[in-house]
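The primary structure of each chain is shown beneath.
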Amino acid sequence: MVQLSFFEQVPPKSEIINVASVPQRSPFRYPGGKTWLVPYLRRWLAGRSVPARPAEFIEPFAGGGIASLTVAFEQLAGHVTMVELDEEVAAVWKTILGEHGDWLAEQIVNFELTPESVETTLAKPAHTTRQKAFQTILKNRVNRGGILAPGAGRVKSGEGGKGLKSRWYPRTLQKRILSITAIKERITFIHGDGIKVISQNAYRKDSVFFIDPPYTAGGKRAGSRLYLHSELDHRELFEIASRITGDFLMTYDDAVEVRALAQQHGFDFQVVPMKNTHHAEMTELLIGRNLNWLR
Ligand SMILES: C[S@@+](CC[C@H](N)C(=O)[O-])C[C@H]1O[C@@H](n2cnc3c(N)ncnc32)[C@H](O)[C@@H]1O
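Residues numbered from 1 in each chain as written. Predicted model: local features only at pLDDT ≥ 70, side-chain atom pairs only at ≥ 80, totals over all residues.

## Points about the nonpolar core
Core analysis: the biggest nonpolar cluster contains 66 residues, and Leu41, Phe57, Trp93, Phe209, Ala241 and Phe248 have the highest contact counts within it. The greatest single-element share of this core, amounting to seven residues, is contributed by helix H3 (residues 87-97). Looking at this core, you find at least three residues from each of domain 1 (1-85 + 192-219 + 234-295) and domain 2 (88-185). (Core = buried A, V, L, I, M, F, W, Y, C linked by C-beta atoms within 7 Å. Buried ≥ 20, exposed ≤ 12 C-beta atoms within 10 Å, placed from the backbone. Helix = DSSP H or I, 4+ residues; strand = E, 2+ residues; numbered from the N terminus. Domains from an automatic or database assignment.)

Following this line, the structure appears as structure tokens:
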């Protein structure tokens, strides 16, 4: 049994990753986003537990996709596959990785953002995937915490009293979207069930999986407010992960139930420090087959 104490966190608390040092490549501000994990991701993929440069990097719960984007930009794997179930989030990735990334970037820089234009745009039915993509990016920027799930409120005052506009950086978003379109051949997007995709690809020795599921087990219900799709059979996910023949890295809230599942499946786990969006220090659990590269 792996015993962890507060003092066994990796790295020492003084070395908590400064997210400002990680290139922000996603057009989303994603609740539960893993920008803070990027340095670990690089260490993992460069580490000895994986043959150098895996052929495929698969992210079954992609959300804002910072992990996939980092791997694609830095060519840490031969190819990247992102999977996401949420229709709105999927519309954004289909648009950027399809034929209409330029259109989306253009819409964003040409949009006159006012409280009225936001409400009218978001109330209109979207007839095309790209229209849905634009609405999703807008909603992600004007909703508190970037939350897209039903019931999320709008940003009230925001940075420097800028209100709704406080997270609307059209030029930055344009630049990020166009940069992704420039490397889109490296990425495949699947609108579907991440568990199914892991199961279908588990036999591939040359593939690695980065698994960051919505977490609602053990009485922690945060995931259910953040995402439309938050219910998941975590036991099933662990079962399927144990069939992966390549390698995987999972991240979860540190909860007793999660540690128990990891132990039952013979996985290694390690607590790592992180800062949440409110800059509070927290911990998360990294789970893998062998996390020696982390220690
Ligand atoms: C913790 S978030 C991932 C955040 C992501 N790692 C990031 O950095 O932005 C979990 C995501 O899984 C998605 N999701 C939930 N159930 C899913 C399923 N069965 N298949 C694929 N995606 C799913 C949610 O919509 C949410 O976007």
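Okay, back to it.
## So, the sheet that holds strand E5 (residues 247-253)
If you trace the seven strands from one edge of the open sheet to the other, you get E3-E2-E1-E4-E5-E7-E6, paired in mixed fashion. Every other strand in the sheet has two partners, leaving strand E3 (187-191) and strand E6 (268-275) as the edge strands with one partner each. Averaged over all pairs of adjacent strands, the angle between their axes in this sheet comes to 20°, without regard to strand direction. As paired elements, E6 and strand E7 (residues 281-288) share eight bridges and run antiparallel to each other. When the sheet's bridge partners are listed, Lys275 is paired in E7 with Glu281. (Pairing = 2+ DSSP bridges. Axes fitted to C-alpha atoms, helices over the stretch in contact; angles between N-to-C directions.)

## Some details on the packing of helix H4 (residues 101-110) against helix H7 (residues 170-182)
The N-to-C vectors of H4 and H7 enclose an angle of 175°; their axes lie 9 Å apart at closest approach. With respect to their mutual orientation, H4 and H7 come out roughly antiparallel. Between H4 and H7, the contacting residues are Gly101, Asp102, Leu104, Ala105, Ile108 and Val109 on the first element and Pro170, Arg171, Leu173, Gln174, Ile177, Leu178, Ile180 and Thr181 on the second. (Parallel < 35°, antiparallel > 145°, perpendicular 65-115°, else oblique. Contact = placed C-beta atoms within 7 Å.)

## A closer look at the pairing of E7
With five bridges joining them, E5 and E7 adopt antiparallel strand pairing. Bridging from a neighbouring strand, Leu249 pairs with Gly288 of E7.

## Describing helix H10 (residues 234-241)
Residues of H10 that are buried include every one of Leu237, Ile240 and Ala241, and no others. Along the axis of H10, the buried residues cluster in a sector spanning 100°; they form a single face. (Arc of directions from axis to C-beta.)

So far we have only geometry, and geometry alone does not tell us how the molecule works.
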